[in-house]
Amino acid sequence: MEPGLTPKGRAFAAAVMAVSLASLLLQYVLLLELTRDNVGALLGTLRFFSYFTILSNLGVTLVCLGALRGGGGMSTRARVRGAVALYIGVTGLIYVLILRHLWHPQGLQWWADTGLHYAAPLLYLGWWLLAAPHGRLNLRDAVAWLLFPLLYLAWVLLRGAWLGEYPYPFIDAGQLGYARAALNATGVLLVFLALGGILLALDRLLARRNPSP
């Protein structure tokens, strides 16, 4: 049983994982159905894992699974939990501010979209704030959190040059050009920096208010 998590905290983690995992599976089925007759299952799967939304929700699922299993492991480390809080937080924020106006999902797609972009971010951030232990993060962790988004950007640009498609319109170098795409990516990186700083400050504040026994 993992130190620092109460039974209620583990139950909360189970609920968060259920929402995120169900939304991931539903989105995967819908995407395969959409791509089956054109690019096929293999490239459809590659497209699925090329969305930051999917990767951040996978992080949510893995961290919550680690919380349920207890013991050690990478997914139970404070810096990993904080990183996933940052990534899923940016996922929800960028979707609300930029992407939600670009399409209007219906039916099952609405359920998948709502789970991935609204429910999972809010639930995970709520769990991280209320149930996870605090006071273990430092500035080096916040800086290290930027590595994954930078690697993701490099992958997206390489994949776009290869296949001619990009997961998000604001980094579509084919349409915008590399200079504009890089400018937009820099803006998103600033969002990561700002939110990462907020999470670090909250971690320290919550540690002072709720000191570990």
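The structure presented is a predicted model; accordingly, all values stated were derived computationally and were not measured.

Criteria and cut-off values
Sequence order as written defines residue numbering, which begins from 1 separately in each chain. With the structure being a predicted model, the display of local features is reserved for residues of pLDDT at least 70 and the display and counting of side-chain atom pairs for 80 or more, all residues being used for whole-chain, interface and lining totals. Excluding hydrogens and water, the side-chain figures rest on all heavy atoms present in the structure. Secondary structure elements are defined from DSSP: runs of H or I of at least 4 residues count as helices, runs of E of at least 2 residues count as strands, and each element is numbered from the N terminus. Only C-alpha atoms enter the radius of gyration; for comparison, a globular chain is expected to reach 2.2 Å times N to the power 0.38, where N is the number of residues. Categorising residues by exposure relies on relative accessible area from a 1.4 Å probe, with only protein chains included: less than 20% of the type maximum marks a residue as buried, more than 50% marks it as exposed, and the intermediate range marks it as partly exposed. We score Asp and Glu as negative and Lys and Arg as positive, and we do not count His or the chain ends. Positions of charges follow a simple convention, taking NZ of Lys, CZ of Arg, CG of Asp or CD of Glu. The definition of a polar contact used here is a pair of N or O atoms within 3.5 Å, where within protein one atom must be able to donate a hydrogen and the other to accept one, and adjacent residues in sequence count solely through side-chain atom pairs. Any two residues whose heavy atoms approach within 4.5 Å are treated as being in contact. For a helix, the expected span equals 1.5 Å multiplied by the residue count minus one.

Once that is clear, we can look at the overall build of the protein. When helices and strands are tallied, the protein shows nine helices and zero strands. Along the protein, from the amino end to the carboxyl end, the secondary structure elements read α-α-α-α-α-α-α-α-α. Taking 17 Å as the expected radius of gyration for a compact globule of 213 residues, we find that the protein reaches 18 Å, a close match to that expectation. In terms of overall dimensions, the protein has a C-alpha envelope of 55 × 35 × 30 Å along the principal axes. Scored against the burial criterion, the 213 residues of the protein give a buried share of 44%. Separation of charge centres in the protein, based on 16 positive and 8 negative side chains, amounts to 13 Å.

What follows covers the environment of Thr 114. With respect to the helices, strands and loops of the structure, Thr 114 is situated in helix 5 (residues 107-130). Separated by 2.8 Å, the side chain of Thr 114 and the backbone oxygen of Trp 110 make a polar contact.

Of note, Val 90 is situated in helix 4 (residues 78-99). Note: C-alpha distance between Val 90 and Ala 13 (77 residues apart in sequence) is 20 Å. Residues contacting Val 90, with those up to four places away along its chain left out, are Val 191, Phe 192 and Leu 195.

Taking 1.5 Å per residue, 18 residues should reach 26 Å; helix 3 (residues 52-69) reaches 26 Å between its end C-alpha atoms and fits that length. When helix 3 is considered as a whole, its buried residues turn out to be Phe 52, Thr 53, Ile 54, Ser 56, Asn 57, Gly 59, Val 60, Thr 61, Val 63, Cys 64, Gly 66 and Ala 67. Elements that come into contact with the buried residues of helix 3 comprise helix 1 (7-35), helix 2 (40-48), helix 4, helix 5, helix 7 (147-163) and helix 9 (178-209). Phi for Gly 70, located one or two positions after helix 3, is positive at around 75°.

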